[in-house]
2 protein chains.
Amino acid sequence: MQEKVKKHSTNGSSGFVPLSSKLTERSQSREVSFFSIELFPPKTWKALDNLVPLLNNFRQLGSLFSTVTWHSTMNQLDNMDDILSMQVAEIALNYCWLDTMIHLTCVDMTTDKMLAILERLKQIGITNILALRGDLNENTVGDFHYASDLVGFIRHHYGDYFTIAVAGYPIEHPESMNKQQDRENLKKKVDAGADFIITQLFFEADVYIDFVDECRAIGIEVPILPGIMPIQSYDSLTKITRLSQLDIPNRIIQDLEPIRNNDEAVRNYGIEWTIHLCRQLMQSGRTPGLHFFTLNRQHATATIVKALEIGYSFCHKPLPWKQPVNHRRCSENVRPIFWSGRPESYVQRTNTWDEFPNGRWGRVHSPSFGSLNDYHLFAALDSITPKNRKRYAAMWGKQLLDEQDVWHIFEAYVAGTNNRFGHKVESLPWNDEGLAPETNVIRHRLSHLNRHGILTINSQPNVNGISSSDSIHGWGSPNGYVYQKAYVEFFISQHKIDCLLKILPHYPLVNYQITNSKGDPFYTNCDEDEPIAVTWGVFPGKEIIQPTIVDVVSFKVWKDEAFSLWMNKWARVYPDEDVESHSVLGSICNTYYLVNLVDNDYPNETCLWSMLEQVIVSNHCTSSSHEV
Amino acid sequence: MQEKVKKHSTNGSSGFVPLSSKLTERSQSREVSFFSIELFPPKTWKALDNLVPLLNNFRQLGSLFSTVTWHSTMNQLDNMDDILSMQVAEIALNYCWLDTMIHLTCVDMTTDKMLAILERLKQIGITNILALRGDLNENTVGDFHYASDLVGFIRHHYGDYFTIAVAGYPIEHPESMNKQQDRENLKKKVDAGADFIITQLFFEADVYIDFVDECRAIGIEVPILPGIMPIQSYDSLTKITRLSQLDIPNRIIQDLEPIRNNDEAVRNYGIEWTIHLCRQLMQSGRTPGLHFFTLNRQHATATIVKALEIGYSFCHKPLPWKQPVNHRRCSENVRPIFWSGRPESYVQRTNTWDEFPNGRWGRVHSPSFGSLNDYHLFAALDSITPKNRKRYAAMWGKQLLDEQDVWHIFEAYVAGTNNRFGHKVESLPWNDEGLAPETNVIRHRLSHLNRHGILTINSQPNVNGISSSDSIHGWGSPNGYVYQKAYVEFFISQHKIDCLLKILPHYPLVNYQITNSKGDPFYTNCDEDEPIAVTWGVFPGKEIIQPTIVDVVSFKVWKDEAFSLWMNKWARVYPDEDVESHSVLGSICNTYYLVNLVDNDYPNETCLWSMLEQVIVSNHCTSSSHEV
């Protein structure tokens, strides 16, 4: 049953490096080069909504990894899908692109349960475990008594597959007889196979420094990350220290006493204290990183890591799209262009794949994309809730009276201007974020199209051999050259389709796919078996990397998602009684066509704009009454 | 057991089209658009040497396919490898790039033997069979009595896998009772599953026209190719017509009588007669092509097809290297650059592969190249025989006194000039043919290098996005753009290697591999798992095609072949007693290094030439006594 997580060969993707190796590597240097964060699973589904932006922000700040705590009472073990900690870990890993470690405890744990959990972790792609004893008491049952049992069990069954961390107690464990016994217990855990130690929280640097030195003295050689809790409020401080049976240093108690009811003052005090503490730890030369107990809050930890300038800086993007950290996807280096505005949806739909396309899309024969109904957790991302409905209505219009109202929203989005209600359109149902920087060069083209009812949802300009280090179009290793074919995807009316179909034969170097919500008719001049590379790069010492393609098979999957977003996302902004808005969106969804165009002549100025201009002009001349 | 030869998807290769489909397609038109040829297996190994150029010439003339006759007495059925007809068919298909049909007869054939033969044909890649009865008499045994038995048997066991042709007798079969019975026998063969008919020879167009009309009248609908034998000598004419129990038209007998002892006059008469006959057939609108019984001779058939202008014109080359016609290799579209001067050797070494690289070289993990000892038939190609020794000695020097004599031969080869003995060096052991047209642009560079002992055996200039229709560098479908990284491969002395190794670090964008005949030391900055694309193309509606790569794994195989050619080919030109020549070549083989360099900066002027100039200059300054 033993196996190792494979280190994939590169081919443009960065390759999988186990967390244990990352730590070992960083421990060679005496400088602190990263931070990591601890989260707990939110107790409500609503709170889960806030977790994703929190995780995204910590990733952007440069967190090397996150840990997710385990709550045996909350986690139903009968159905692996329902274990909340694992769901959160999966979100962090797969949808927030953050390497993730899950806590596991001995409490109520049988060997069978543990094996089932470990298998599920493998399925998800989680390769990091913090093995803890947990709070055992006379009521708990289970096959494991000590964290070292857990470590040994995992190593016995899975070899080096998992990176395993264990907890260390700078102030001895509340239940241990004395400091010496405590350190020896820790050594037992390390000897059982732990890769590194994360300490329990403490408030003074000396405590950590002495602890590390004592550990080293008895032969503990693995990295020891200091666990740091920024004080966020007087209440949380006293509660946590009571639970952890820790004493708060007198100085802190004295300092906080006068401001204990002023939350902001307490938080600022905590930030200052923690920055000071961290600086001492960084100077101690005893740790490669700092681990923060965030209590699921962003402000304090974010302020501290910015002040310390320890964000792990991600290198230049290895591929044009955001690359997953899940080791199972590390060899993935080809994707259809269609989901580029909705990468989470793409990851969700493909996360059951056994093998990811590497080098060529064609190798994945009839890929089985998850259907729209497969959305579990991530339906949340697309859901219009009472809380966010107002924000969406401000962006997308409080009420829609005709199709031009919709065109206007599209135009405001691509132009980056406020809509006529004075609000910035920061996203559309087809674009989770704002326009990519490279879209800037074609922004005025897109505004013009949208103003005239060519509702663009995806596009890229052509690029002919620009340096891979280019700040806008560049990706991949240095000294390479990157290329793109001009691409544009949009919804247009039946009437404009008639114009377009007449014009297309004059552009033999343009590949097109055109269909409606029913998928019938389906016009295309693409070869069904042959994907079209629309983004590729040439690098020293490598094969050509072609990370983005356009193909018929996945377009047919995408068009269902693209059409569904009219009613399942946009229309949800409006109450049922708003018949007009629903009717406008319903009419577009039912009568408009989805079109994508690839101009294969990438070295020359693209013909796509003049081609679409002809559609606009020709449409004006022959316009039917309900179109402008 | 039934299966269909898969029609591979394209990806830059032309895809496999069964011969039956090619004929059906061409039969739609009323014009004759191709010719094909019949060969017999030569009776001596020496004659086999002449067969390869013959086949190559007919391919270049545009023969659509060749047929190879079956000789049950010559073919040992105990060992499939020894069946001469199959060996010849394999050569025609795999090494002469000519689609090939094998004759099979009922004579002495059991069902077991037939199944073994059909399996072997599948292994080789032969998909076309001419099913014949053969000359059955009371002494022959076997499970098949009529060609229709054979056709039915093959269809029963292999479905549509094979294209099957049968013979038709415009003048009724010698053993048939009457014309009607003869035509009904033919219909039986077609009904059993034959795809088309090839007729027995005849001399007058009306015979064929009447025959076709009679066949059509009784419902035979498959194409009927006229079988045409240019008269090549009076003796062969009388012998063949006697064997076929055919009458020669009186007019021919009268015409030939006065010139029967003048072979040239007879041949010219035959050519004129046949051209006239063919013109009538072409005007008859009854056949898509003409099938010539060549008697293994080139002149007459070649003259006729040139006069008729019916060579099947091959389209623009789909890949930069000559593409095999074997359907098993039809999806192949990536090769290492090393064998580009010896494509036959590459095909030989890889013909046991189950799957050929398509799109990416990396997918073929540790490909098992045939070893140098695996050469069977094709050892002939490399063999220096008493007959060709003189030609090679003229090209490569009658005697070699020092290394400069060898340098001189290399220089003459790349310069395209005569060597100092007044002979053109048309090939080198590493290059079966003359320089490729694209090498012209770097010819003067290469001359200079070879003059100074940098003995180039392979190279290509860099190309930055030239039209795929370019007459020199172009390949693949129209409207594409092709690219190349500059590449050069050469042998140089140990002393120059020392210079080169000092210079290389100044050229970080150059990938290199350097080793000697022992493979130790082996210097490289290439990633062992990562091939380097050195030729690629971007085409409308396709993925990027990268048909030529440089990689470490196959270079290690190639270097054994490259070094072996010094002694196993070049040195064989000299008699054993020529100690000097052997010693010069032995010394180069044992002390020189094989180097390949890839300049990754393809958009700019390559640095390879100035880099190697430094090696020459630096070598001059510090030259050891035995080097110039």
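Residues numbered from 1 in each chain as written. Chains lettered and ligands numbered in written order. Predicted model: local features only at pLDDT ≥ 70, side-chain atom pairs only at ≥ 80, totals over all residues.

1. Some thoughts on the overall build of chain A
Phase 1: Regarding its fold elements, chain A presents 20 helices and 18 strands.
Phase 2: In chain A, the share of contacts with a sequence separation of at least 24, taken over all contacts with a separation of at least 6, comes to 75%. (Helix = DSSP H or I, 4+ residues; strand = E, 2+ residues; numbered from the N terminus. Contact = placed C-beta atoms within 7 Å.)

2. Description of the nonpolar core
Phase 1: Membership of the largest hydrophobic core comes to 334 residues, with the highest contact counts inside it found for Ile102, Ala131 and Ile154 of chain A together with Ile102, Ala131 and Ile154 of chain B.
Phase 2: Not counting the four nearest positions on each side in its chain, Ile102 of chain B is found in contact with Val68, Trp70, Ser85, Met86, Ala89, Leu121, Ile126 and Ile129 of chain B. (Core = buried A, V, L, I, M, F, W, Y, C linked by C-beta atoms within 7 Å. Buried ≥ 20, exposed ≤ 12 C-beta atoms within 10 Å, placed from the backbone.)

3. Some remarks on unusual backbone geometry
Phase 1: A cis amide bond links Asp520 of chain A to the next residue, Pro521 of chain A, at an omega of 5 degrees.
Phase 2: Tracing the backbone through its elements, the reader meets Pro521 of chain A in the loop between β14 (510-516) and β15 (522-524).
Phase 3: Of note in this structure, Asn296 of chain B is not a glycine but carries a positive phi near 60 degrees.
Phase 4: By secondary structure assignment, the location of Asn296 of chain B is in the loop between β8 (289-293) and α11 (299-308).
Phase 5: Its 15 C-beta neighbours within 10 Å are what place Asn296 of chain B among the partly exposed residues.
Phase 6: The backbone of Glu309 of chain B sits at a positive phi, close to 55 degrees, despite the residue not being glycine.
Phase 7: Relative to the helices and strands, Glu309 of chain B is located in the loop between α11 and β9 (335-336).

4. Quick notes on the relation of the copies chain A and chain B
Phase 1: At an RMSD of 0.1 Å, chain A and chain B line up after a rotation of 179 degrees and a shift of 0.0 Å along the axis. The transformation relating the two chain copies, once decomposed into turn and shift, fits a two-fold axis.
Phase 2: Take the interface residues of chain A: 100% of them recur as interface residues in chain B, which is what a same-surface contact looks like. (Least-squares fit on C-alpha atoms with pLDDT ≥ 70 in both.)

5. What to know about the sheet that holds strand β1 (residues 34-39) of chain B
Residues and elements named next belong to chain B.
Phase 1: Sheet architecture is closed into a barrel: eight strands sit in the order β1-β2-β3-β4-β5-β6-β7-β8, paired in parallel fashion. Averaged over all pairs of adjacent strands, the angle between their axes in this sheet comes to 30 degrees, without regard to strand direction.
Phase 2: In the sheet, strand β7 (residues 224-228) pairs with β8 via two bridges, with the strands oriented parallel. If you follow Gly227 over to β8, its bridge partner there is His291.
Phase 3: Seen against the sheet, helix α3 (residues 84-95) touches β2 (63-68) and β3 (100-105) and runs at an angle of roughly 165 degrees to β3. (Pairing = 2+ DSSP bridges. Axes fitted to C-alpha atoms, helices over the stretch in contact; angles between N-to-C directions.)

6. Things to note about the packing of helix α7 (residues 205-217) of chain A against helix α10 (residues 263-284) of chain A
Residues and elements named next belong to chain A.
Phase 1: For the pair α7 and α10, interaxial distance at closest approach is 9 Å and the crossing angle is 25 degrees. As far as their axial angle goes, α10 and α7 are roughly parallel. You can see that α7 and α10 cross each other, and the crossing is right-handed. Contacts between α7 and α10 involve Ala205, Tyr208 and Ile209 on the former and, on the latter, Leu277, Gln280, Leu281 and Ser284.
Phase 2: Residue composition of the contact of α7 with α10, grouped by class: five nonpolar, two polar and no charged. (Parallel < 35°, antiparallel > 145°, perpendicular 65-115°, else oblique. Left-handed = near helix turned anticlockwise from the far one by under 90°. Nonpolar A, V, L, I, M, F, W, Y, C, P; charged D, E, K, R; others polar.)

7. Quick word on the interface of chain A and chain B
Phase 1: Listed as interface residues are 28 residues of chain A and, on the opposing side, 28 residues of chain B.
Phase 2: For the side of chain A that touches chain B, the elements supplying multiple residues, two or more each, are β16 (532-538) and β17 (545-550) of chain A.
Phase 3: Examining the composition of the side of chain A that touches chain B, we find that three residues originate from one element, β16 of chain A, more than from any other.
Phase 4: Its residues assigned to classes, the side of chain A that touches chain B comprises eleven nonpolar, eleven polar and six charged.

8. Notes on the sheet that holds strand β6 (residues 196-201) of chain A
Residue and element names in this part refer to chain A.
Phase 1: The parallel closed barrel is built from eight strands, whose spatial order is β1-β2-β3-β4-β5-β6-β7-β8. Each strand of the sheet is rotated relative to its neighbour by a mean of 30 degrees, with strand direction disregarded.
Phase 2: Against the sheet, α7 makes contact with β5 (163-168), β6 and β7 (224-228), and its axis sits at roughly 155 degrees relative to β7, the strand it touches most.

9. Brief notes about the environment of Leu130 of chain B
Residue and element names in this part refer to chain B.
Phase 1: By secondary structure assignment, the location of Leu130 is in strand β4 (residues 128-132).
Phase 2: When the C-alpha positions of Leu130 and Asp195 are compared, they lie 9.9 Å apart, and in sequence the two are 65 residues distant.
Phase 3: With sequence-adjacent residues up to four places away left out, Leu130 is seen in contact with Thr67, Met101, His103, Ala165 and Ile198.

10. Considering the environment of Gln180 of chain B
Phase 1: Assignment of secondary structure puts Gln180 of chain B in helix α6 (residues 179-191).
Phase 2: Between the C-alpha atom of Gln180 of chain B and that of Ala147 of chain B, which follows or precedes it by 33 residues, the distance is 18 Å.

11. Describing the environment of Gly416 of chain B
Phase 1: Relative to the helices and strands, Gly416 of chain B is located in the loop between α15 (403-415) and α16 (443-451).
Phase 2: On a C-alpha basis, the gap between Gly416 of chain B and Lys317 of chain B in space is 25 Å, while along the polypeptide they are 99 residues apart.

12. What about the pairing of strand β13 (residues 486-492) of chain B?
Residue and element names in this part refer to chain B.
Phase 1: Taken across its seven residues, β13 has seven buried, putting it largely inside the fold.
Phase 2: With burial as the criterion, each face of β13 is covered, one bearing Ala486, Val488, Phe490 and Ile492 and the other bearing Tyr487, Glu489 and Phe491.
Phase 3: Here strand β10 (residues 455-460) runs beside β13; their pairing, made up of five bridges, is antiparallel. The residue bridging Asn458 from the neighbouring strand is Glu489, located in β13.
Phase 4: Pairing of β13 with strand β18 (residues 593-599), which is carried by seven bridges, proceeds in the antiparallel orientation.

13. Structural notes on the domain arrangement of chain A
Phase 1: As far as domains go, chain A holds domain 1 (31-308) and domain 2 (333-388 + 454-622).
Phase 2: Put simply, the middle of domain 1 of chain A and the middle of domain 2 of chain A, counted by C-alpha atoms, are 42 Å apart. (Domains from an automatic or database assignment.)

14. Some details on the pairing of β3 of chain B
Residue and element names in this part refer to chain B.
Phase 1: Counting buried positions along β3 yields six of six residues, so the element is predominantly enclosed.
Phase 2: Judged by which residues are buried, β3 turns out to be covered on both faces: Thr100, Ile102 and Leu104 on one side and Met101, His103 and Thr105 on the other are all buried.
Phase 3: One ladder, built from three bridges, connects β2 with β3; its direction is parallel. In the strand pairing of β3, Ser66 is matched with Thr100.

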